[in-house]
Amino acid sequence: MSEAANDDEVDSAGRVVVDLDGAISLLGRFPALSGLDLTVVDGEIVLLRGPNGAGKTTLLRLCAGLAPLSDGSGRVLDYDLVVRRDRRRLRRESGLLSHQTFLYEELTVEENLKFWAQANRVELDTIEPVLDRLDLAGRLRNVSISALSTGQRRRASLAVMVCRRPKLWLLDEPHAGLDQAGRDFVDDIVRHAVRFGATVMLASHDLDRSIDLATRVVQLAGGQVSGPSEASHVS
């Protein structure tokens, strides 16, 4: 287990969800993560801060089983990031909100939600409130993903994540492209997910809102944790 597990800010009694020790992730020959140590325990909302290029997006992709672990060790939801079969299983239990939608382009917004709800044994009557809060309940529900704008795709991706109910939420700029009501909804569902057993890691430039949402702040620079984690002023 990485030394970060001994930080005062980390609840050592909690179940470890993310445990990275000297994690290196190469994008081509470039080390997007260059020996990163990080431990996240069950029920945390961890805000990742740092300048562009600090490694925030790569860290989220690594924890989703999508970016390679080139060196070091890492376990997420008790899956070994070195083992290909474990990474495939991890993808089913984690949810990544990013610039990629991971949705079926030829299906409509509503069809995507119904597919993921049924795949995760979620009642279909839960779809309507999600569509409504994310401004997808009108004509957009019957529009294929391929025909949506960037902001609309992001809202559809967020709606699908709510239906999937992953154990680990990995959110890259979750408030981007949303109006005030949509940003409020993001905060509501993150807190709701944690109350029902999920863990959240997010990267956001909307710091005023995200710091209020987070239980801990982790600063990244140069692909590493650049200093001790900070407990947020809001628990």
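Note that the structure is a prediction, hence the values are computed from the model and not measured.

Taken in spatial order, the 4 strands of this open sheet run E2-E1-E4-E5, and their pairing is antiparallel. Looking at the sheet topology across the chains shown, the edges are occupied by strand E2 (30–41) and strand E5 (79–80). Where strand E1 (residues 16–27) lies against strand E4 (residues 71–76), 5 bridges are found, and the strand directions are antiparallel. When the bridges of E4 are listed, Ile24 appears paired with Asp71. Of the strands in this sheet, E1, E2 and E4 are in contact with helix H1 (residues 56–63), which crosses E1 at around 120 degrees.

The next thing to look at is the confidence of the model for the protein chain. Taken over all residues, the pLDDT of the protein chain has a mean of 88, while the share at 70 or more is 92%. For the stretch residues 1–12, pLDDT sits under 50, and the model shows 26 contacts to residues farther than four places along the chain or on other chains.

This next bit is on H1. Most of H1 sits inside the fold, with 6 of its 8 residues counted as buried. Among the residues of H1, Lys56, Thr58, Leu59, Leu60, Leu62 and Cys63 are the ones counted as buried. Positive backbone phi, approximately 80 degrees, marks Gly65, located one or two places after H1.

The next point concerns the environment of Arg75. As for its placement among the helices and strands, Arg75 is situated in strand E4. Residue Arg75 is classed as partly exposed on the basis of its relative accessible area, which comes to 36%. Distance in space between the C-alpha atoms of Arg75 and Leu20 is 6.5 Å, their sequence separation being 55 residues. Excluding residues within four positions of it along the chain, Arg75 makes contact with Val17, Val18, Asp19, Asp80 and Leu81. Of note is the side chain of Arg75, whose polar atom sits 2.6 Å from the backbone oxygen of Asp78.

On the surface, a cluster of positive charge is contributed by Arg84, Arg85, Arg88, Arg89, Arg91 and Arg92. With respect to the helices and strands, Arg88 occurs in helix H2 (residues 84–93).

Definitions and cut-offs
The numbers attached to residues start from 1 for each chain and follow its sequence in the written order. Local features in this predicted model are restricted to residues of pLDDT 70 or higher, and side-chain atom pairs are both shown and tallied only at a pLDDT of 80 or more, whereas totals for entire chains, interfaces and linings draw on every residue. Note that the side-chain values use all heavy atoms of the structure and ignore hydrogens as well as water. When DSSP finds two or more bridges between two strands, those strands count as paired. By the criteria applied, helices consist of DSSP H or I runs no shorter than four residues and strands consist of E runs no shorter than two, each listed in order from the N terminus. When checking whether two residues touch, look at their non-hydrogen atoms; a contact exists if any pair is within 4.5 Å. Axis lines are fitted to C-alpha atoms, over the contacting stretch for helices. Their N-to-C directions set the angle, which ranges from 0 to 180 degrees. Confidence scores labelled pLDDT are given residue by residue by the predictor and lie between 0 and 100. Burial classes: relative accessible area under 20% of the type maximum marks a residue as buried, over 50% as exposed, and values in between as partly exposed (1.4 Å probe, protein chains only). N or O atoms within 3.5 Å of each other form a polar contact, as long as, within protein, one can give a hydrogen and the other can take it, and as long as residues adjacent in sequence are counted only when both atoms are side-chain atoms. Note on patches: the residues involved have over 30% relative accessible area and no salt bridge, like charges join within 9 Å, and the nonpolar side chains Val, Leu, Ile, Met, Phe, Trp and Tyr join within 5 Å. For accessible areas, the Shrake-Rupley method is used with a probe of radius 1.4 Å. Any residue's cover is judged against the shown protein chains and nothing else. The salt bridge definition used is simple: a Lys or Arg side-chain nitrogen within 4 Å of an Asp or Glu carboxyl oxygen. We count Lys and Arg on the positive side and Asp and Glu on the negative side, and we leave His and both chain ends out. Note that the charge is assigned to NZ on lysines, CZ on arginines, CG on aspartates and CD on glutamates.

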